[in-house]
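# Observations on the three-dimensional arrangement
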Amino acid sequence: MLELFLSQILNGVVIGFVYALIALGFSLVFGVANIINFAQGALLMLGAFLTFTMVRLGAPIAVAIPLAIAITTATGMLIERLALRPLQNAPYIAPLLSTLAIAIIFDAAAEMIWTAEIQSFPSPLSKYVVFVGSAYLTGVDFLIIAVSLSVMAGLMLFLSRSWMGKALRATAQDPEAATQMGINVPLMRQFSFGLAGALGALAGVLIGMYYMSVFPQMGIPYGLKGFAAALLGGLSSIPGAIVGGILLGIFESLASGYVGEGWRDVIAFSVLLLVLIVRPHGLFGNKSLDALGGASGATGGIPTTSVVASMAGATGRTKQRLIEAPLLVLLGVIALFALLPALGGSNYLLQVGTQAAIYAVLAVSLTLLTGSAGIISIGHAAFFGVGAYAAALAGRNWGIPAEAAFLLAGVAAAVFAAVLYWPTIRLSGHTVGLATLAIGQIVYLVCLNWVDVTRGPMGIPGVQRPSLLLGGIDMKSLAAQYWQALVVLAIAVTIAFAMLNSPIGRTWRAIREDRLAARASGVPVSRYLTLVFLVSGFLAGLAGAQFAFLQNFVSPESFMIDTSIVLISMIVLGGLGNITGALVGGVLLALLPEVLREFAQYRMLAYGAILLLLLRFRPQGLAGTR
Amino acid sequence: MAEAPKSAPLVSLTDIDVFYGPVQALFGVNVSVMPGETVVVLGGNASGKSTTVKTVLGLVKVARGDVTFEGQRVNGTPAYQMIARGLGSIPEGRRMFSEMTVLDNLKLGAYVRRGEPKAEMDAQIEEALAMFPRLAERRNQISGTMSGGEQQMLAMARAWMRKPKLLCIDEPSMGLSPLFVDQVYDILAKWKALGLTILMVEQNANMALSIADRGYVLKQGHVSVTGTAAELRDNDDVRRAYLGG
Amino acid sequence: MSMSTPNSAALVIDKVNRRFGGVVAANALDFTIRQGEFLAVVGPNGAGKSTLLQMISGVIRPQEGEIRLGGRRIDRLTPEAINALGISRTFQTSRVFPMLTIRDSILVGTQVGLIGGGRSPRRYGPVGELVSALFRLPGYRASAAAAEARAEEVMKMFGDRLWPRRNDQAFSLSYANRRRLEIARALVQDPDILLLDEPAAGMNPSETDELTEIIAELRRSRPSMTIVMVEHKLQVVRQLAERCIVMSQGTVIVDDTPAGALEDPRVIEAYLGTKRSAAAFGKVNDDG
């Protein structure tokens, strides 16, 4: 008993050092460039796979590792240059989503190059073993501790002694003052990305050696763990990162030892969430010094907390054209689509049409939350999933008729959304993105691991379709499912329309635009954010139920982060906060993989690229941000 | 300008327009500073006086007009390059690197001279600290924990570390007690006597005009009055700019 | 006039301290703002005037001391809770909602009344409001229409500055119009206490006069409303305020009528520089 405990603690400490390395990269970029770099995990994966490939091609591992680190460093700097620097005056949401798009592109590219399989990673030192009582440490464990400690010591010296290090710290503390000392601030930002790349690549190699394997999707979980460690340790200090990393390592190691290996990541992401909830402000420094400024009274840009407004306030913003169809037009178009089965649409077309309608509902649901209320949700698939599972379980386990399951799915997802996103009410901007990403991952992992209820990766088959109220018509046919999906879409559009054009929608936008001004005007922010979670969750839950009925089957893989990112691409493409835009973006991107069937394996690559290009060239989307 | 000195201006702004988004902050502003001169830009809040100095520093985008430094057109040159070319800055609100020590702040002041020998740098740090005895006592203190007056001293010493050809100062007396204001101006007078060229923005018009050679008064983004310090002292517009007459 | 009314809703600033790092923004601030009073707060940049308004409105918390409204401690409340007590404000750096139209921005100020805060007769819970908005129920629609009428009335107070532009987005406005918009957003709430942070900054003389006239008219029509105004343009202070506090380095150095305060040599000194500097001119500046 004690042996297990001791050996879990040891394991936790060792992997904790790796987390500390990732955390340092995260903190550096966060401090210097003032952004949460979601591509940090992708760089980690790149470093690991470059090493793996070079070794496989015959390079000695001692050569491969430094080379891989060098290439990843350069890649990090290139990402800053190509995907972030052009976005300086773009909406605040753009740089965040841009690093996310990069992460997706890297993931997808890695799967194409190296397949989605787990690859075995060279780990020459793992054969040396030292026993500590009945627990043991391998050579890799010692290597991890030694390398991490020396890298951290080196980094500490670099930051405190060298000109470059001092300039980096100065940029983090006050970029405007740093500029006025002659420091090239954009270069420092780029440099912080390079350093984060180097630290990430090193961490990737060490993880590869530790588990003796690597896989293309490793980026996002390890990136998130780095964020968790950084936040846990209190950002911006090297000892803090070490403490945070080790604590996180121990937590999840104990979880995997006592609860089950599958729960390791659930614990890690829960820790991340918990820290964000408990200490959201203390972690990010005190910005209230702004209150002292005197002469800036009527100069400079407009202050705003908006994720859709430009960071530079009003600077350079021009009037955009907003395309918004009236409700009756939208419902009319949906009604026209209802004619498809009568016009002899094939089963394939109906299947695709139903999928598109489901995605359109999801896009409408997300655009309320992210577009109107400004809560960047990178975990929207969670509510979709909760709805789908609720509908599936209601029929299968609880004997609830499918008709009632529909409503139940919406309500369950609404309640889930309100409960899960409640902690994010105090957060804003990019931090919300981090929290919602963690929530999305947690829900996915729970579906995967809570085998007693969800049957885990096997999923739930045999979901019964509802027969609904329409007496004579057999609702179990595909055409009926298609109509049903259109009805759900019409309901979603009507609800969203009513909300956005009511005082509630106006209040959501005000909260998005300037939360402080809204609060000072008496707006009870938490009440209105709870409302948007409820409405958005309800709609996503309906979409989930419709999805379950269409497929007759639900399994966790439908609700992975990929789905969340596709949804974000849809609403950015259409134009944030705009229902017409959400419908256009949702349908277009849902059809994309069908149109380009022969390129289906490039699907995620395409979504990533579309998102990246949109953010760069048309952040207001096709129909305009409302 | 009234009496043109013989030499060419060290820095000059010609017909400058600057916008913040849709709002125009400067309208055809002309300002120049001759080598060795101390020039003050006066004006009420939101008159564009800070923007004038920011234009010289390359911190704002010039929509129209020319900025020249040492006879060369420098429109669009980023601020960090302007500093490398020889500008020094004491920013508004002091802008400490507030989690760093006094010494580290001073070193960063000499960032563009980082190639020079360490011994020389150390000597200059001692020189700067000798100029500001209050800082000498606090060399290892974290700068954010110091009082406003001490922070202003540090901001000045930090700019001195640059050995600038032209020192740009934005509101050096903001929020300071009279005692500290006196100290700030004692030092500025000393620097002026050493031949330093100074362009400053100041609310404390009496103090600024006590050391300035010439001045400009800005009003809603236009230069409304310009003249020697003596002329401006007697000018009602100056009083009006602040007291809203 | 209202200086003699009972001080049931007096705003008491009780030995308040606030530092930012080593910088002192409020140093033992201690005074009472009587109900219905028009108080101007003046002083050089960095004196702590805005910090005072930030603390009253709950945006910044004092580190020591208390702020009380009508005997109730408010310095630990959130900005929205303080607003619900009848305190509305504008910001030094105008905080408009950039993407919202003028009309919508002002209507945001009515939201708390619409759902039952402040003086409104009807009260909506979150679900009640959701259902009412979804089905456009008559009661809710009537309240919304009343709010719109109120917003229109307030916009028209500013002549043709805001009303004809009601469908323009706030980011496209001039500084002066952003200030008007903020004031309108505060006024639409019909507050008991109005906090104005440099309302005339960025306005030219005629715009300043226009604003002064609007505030004076407001004063005539709502004499019971307390107004606390931070303002650099001293002629505005002179024309509007009944009492004037001069701040410097986080403390009150003069507390007098505007005429008295603005004649005080310490005020001239705080704005234009110390006597020592005046002496450095070779002659003493008259302060007529």
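Going by the structure above, here's the rest.
Residues numbered from 1 in each chain as written. Chains lettered and ligands numbered in written order. Predicted model: local features only at pLDDT ≥ 70, side-chain atom pairs only at ≥ 80, totals over all residues. Heavy atoms only, no water.

### A word on the overall build of chain C
Scanning chain C from terminus to terminus reveals 12 helices and 10 strands. Counting only residues that meet the buried cut, chain C has 60% of its 288 residues in that class. Partitioning the intrachain contacts of chain C with sequence separation of at least 6 by distance along the chain shows that 66% fall at a separation of at least 24. (Helix = DSSP H or I, 4+ residues; strand = E, 2+ residues; numbered from the N terminus. Buried < 20%, exposed > 50% of the residue type's maximum accessible area, 1.4 Å probe, protein only. Contact = heavy atoms within 4.5 Å.)

### Re the overall build of chain B
What chain B contains, in helices and strands, is 10 helices and 10 strands. Considering only C-alpha atoms, chain B reaches an extent of 45 × 40 × 35 Å along its principal axes. Here the contacts in chain B between residues at least 6 apart in sequence split such that 69% fall between residues at least 24 apart.

### A word on the sheet that holds strand β2 (residues 23-33) of chain C
Residues and elements named next belong to chain C. Pairing in this open sheet of four strands is antiparallel, and the strands run β2-β1-β4-β5 from one edge to the other. Only two strands of the sheet have a single partner each, and these edge strands are β2 and β5 (72-73). Both strand β1 (residues 11-20) and β2 contribute to a ladder of seven bridges, which runs antiparallel. Bridging across to β2, I13 finds its partner in F31. Helix α1 (residues 49-56) contacts β1, β2 and β4 (64-69) of the sheet and is inclined by roughly 115° relative to β1. (Pairing = 2+ DSSP bridges. Axes fitted to C-alpha atoms, helices over the stretch in contact; angles between N-to-C directions.)

### Focus: helix α6 (residues 138-157) of chain C
For α6(C), spanning 20 residues, the distance from its first C-alpha to its last is 29 Å, which sits close to the expected 28 Å at 1.5 Å a residue. Every buried residue of α6(C) is accounted for by G139(C), Y140(C), S143(C), A144(C), A147(C), A151(C), V154(C) and M155(C). One face of α6(C) carries all of its buried residues, which in axial projection span an arc of 155°. Along its buried surface, α6(C) packs onto α19 (503-513) of chain A together with α3 (102-108), α4 (111-114), α5 (126-134) and α7 (175-187) of chain C. Backbone geometry just downstream of α6(C) places G159(C) in the positive-phi region, at approximately 60°. (Expected span 1.5 Å × (residues − 1). Arc of directions from axis to C-beta.)

### Description of the packing of helix α22 (residues 561-574) of chain A against helix α24 (residues 603-617) of chain A
All names here are of chain A. Closest axis-to-axis distance for the α22/α24 pair is 10 Å, and the angle between their directions is 35°. Handedness of the crossing formed by α22 with α24: left-handed. Residue-level inspection shows D562, V566, S569, V572 and L573 of α22 in contact with α24, the latter providing R603, M604, Y607, L611, L614 and L615. Among the residues forming the contact of α22 with α24, the class breakdown is eight nonpolar, one polar and two charged. (Left-handed = near helix turned anticlockwise from the far one by under 90°. Nonpolar A, V, L, I, M, F, W, Y, C, P; charged D, E, K, R; others polar.)

### Some details on a nonpolar patch on the surface
Where nonpolar side chains cluster on the molecular surface, the patch consists of M112(A), I113(A), V595(A), L596(A), F599(A) and Y602(A) and spans about 570 Å² of accessible area. By secondary structure assignment, the location of I113(A) is in helix α4 (residues 93-114). (Patch = residues over 30% accessible without salt bridge, like charges linked within 9 Å, V, L, I, M, F, W, Y side chains within 5 Å. Areas by Shrake-Rupley, 256 points an atom, 1.4 Å probe, with all protein chains shown as cover. Salt bridge = Lys/Arg side-chain N within 4 Å of Asp/Glu carboxyl O.)

### Notes on the interface of chain A and chain B
Counting from both sides, the interface comprises 27 residues of chain A and, opposite them, 31 residues of chain B. For the chain A face of the interface with chain B, the top three residues by lost area are W163(A), Q180(A) and M181(A), together amounting to 30%. At the boundary of chain A and chain B, one finds three salt bridges. Note that R95(B) is salt-bridged to E176(A), the shortest N-O span being 3.7 Å. There are five residue pairs in polar contact (both at pLDDT 80 or more) connecting chain A and chain B. Elements with a contribution of two residues or more to the side of chain A that touches chain B: α6 (163-173) and α7 (175-179) of chain A. For the side of chain A that touches chain B, the leading source of residues is α6(A), giving six residues. For the side of chain A that touches chain B, the class distribution of residues is 12 nonpolar, 11 polar and four charged. (Buried area = accessible area lost by both parts, 1.4 Å probe. Polar contact = N/O pair within 3.5 Å; in protein donor to acceptor, adjacent residues only side chain to side chain.)

### Examining the pattern of salt bridges
If you walk through the whole model with that rule in mind, you get 48 salt bridges over all chains. Taking the shortest distance from any N to any O, the salt bridge between R512(A) and E513(A) comes out at 3.1 Å. On the accessibility criterion, R512(A) (2% relative accessible area) is buried. For D104(C), the salt bridge goes to R103(C), with nearest N and O atoms at 3.3 Å.

### Looking at helix α8 (residues 185-211) of chain A
All names here are of chain A. The terminal C-alpha atoms of α8, which comprises 27 residues, lie 39 Å apart, in line with the 39 Å expected from a rise of 1.5 Å per residue. For α8, a buried count of 23 out of 27 residues is recorded, marking the element as mostly surrounded by other parts of the structure. Just downstream of α8, M212 is the residue with a positive phi angle, here 55°.

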